[in-house]
Amino acid sequence: IYHDFGISVKEYEAIGKNNAFPEVDQCPHCKGRTRLYRHGFYFRNAIDANQYRIPICRLKCPSCNKTLSILPTFLLSYFQYTVDVILEKLNCAIVKGKVEG
């Protein structure tokens, strides 16, 4: 699931595992109305003008035992580049007709 932390990728990296992760009270898989609990973290890259290594919080449903991750809104699933970089490149490709770097 996506969550807007209201901070930049640089600030998110600096705060690390102490970010204000939301509490999730309904499982998106089984729709059970139960609080999902923290199931650890994994790290992934977030690339804009710089490259960051950021923690992603994992949650687990006690009803169905499935896990999910809380992704900051500046990232998309399966992409290392931030949303801003992706949109900038798409804009260059569509409007200007070229893609750089």
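Cut-offs used in this document
- Residues numbered from 1 in each chain as written.
- Predicted model: local features only at pLDDT ≥ 70, side-chain atom pairs only at ≥ 80, totals over all residues.
- Heavy atoms only, no water.
- Pairing = 2+ DSSP bridges.
- Helix = DSSP H or I, 4+ residues; strand = E, 2+ residues; numbered from the N terminus.
- Buried < 20%, exposed > 50% of the residue type's maximum accessible area, 1.4 Å probe, protein only.
- Polar contact = N/O pair within 3.5 Å; in protein donor to acceptor, adjacent residues only side chain to side chain.
- Core = buried A, V, L, I, M, F, W, Y, C linked by side-chain atoms within 4.5 Å.
- Contact = heavy atoms within 4.5 Å.

A. View of the sheet that holds strand β1 (residues 2-3). The strand order across the open sheet formed by four strands is β1-β4-β3-β2, and the pairing between neighbours is mixed. In the strand order of this sheet, the two ends are held by β1 and β2 (37-47), each with one partner. Here four bridges tie strand β3 (residues 51-60) to strand β4 (residues 67-72), and the two strands are oriented antiparallel to one another. Residue K60 lies in a different strand from β4, and its bridge partner there is T67.

B. Summary view of the environment of N50. Relative to the elements of secondary structure, N50 occurs in the loop between β2 and β3. Exposure remark for N50: the relative accessible area of 45% places this residue in the partly exposed category. Taking the C-alpha atoms as reference points, N50 and P22, 28 residues apart in sequence, are found 26 Å from one another. Within the local environment of N50, its side chain forms a polar contact with the side chain of Y52, the two groups lying 3.4 Å apart.

C. Molecular detail of the pairing of β3. For β3, the tally of buried residues reaches seven of 10 residues, placing the bulk of the element in the interior. Pairing of β2 with β3, which is carried by nine bridges, proceeds in the antiparallel orientation. Note that in β3 the partner of Y37 across the bridge is K60. Adjacent in sequence and paired antiparallel, β3 and β4 are bridged by six residues, among which N65 carries a positive phi angle near 65°.

D. Spotlight on the nonpolar core. Formed by 19 residues in total, the largest nonpolar core has its most connected members in Y12, L36, I54 and L59. Where this core is concerned, the elements lending two or more residues are α1 (9-15), β3 and β4. If sequence neighbours within four positions are ignored, Y12 has contacts with F5, I7, N19, F21, I54, P55, I56, P72 and F74.

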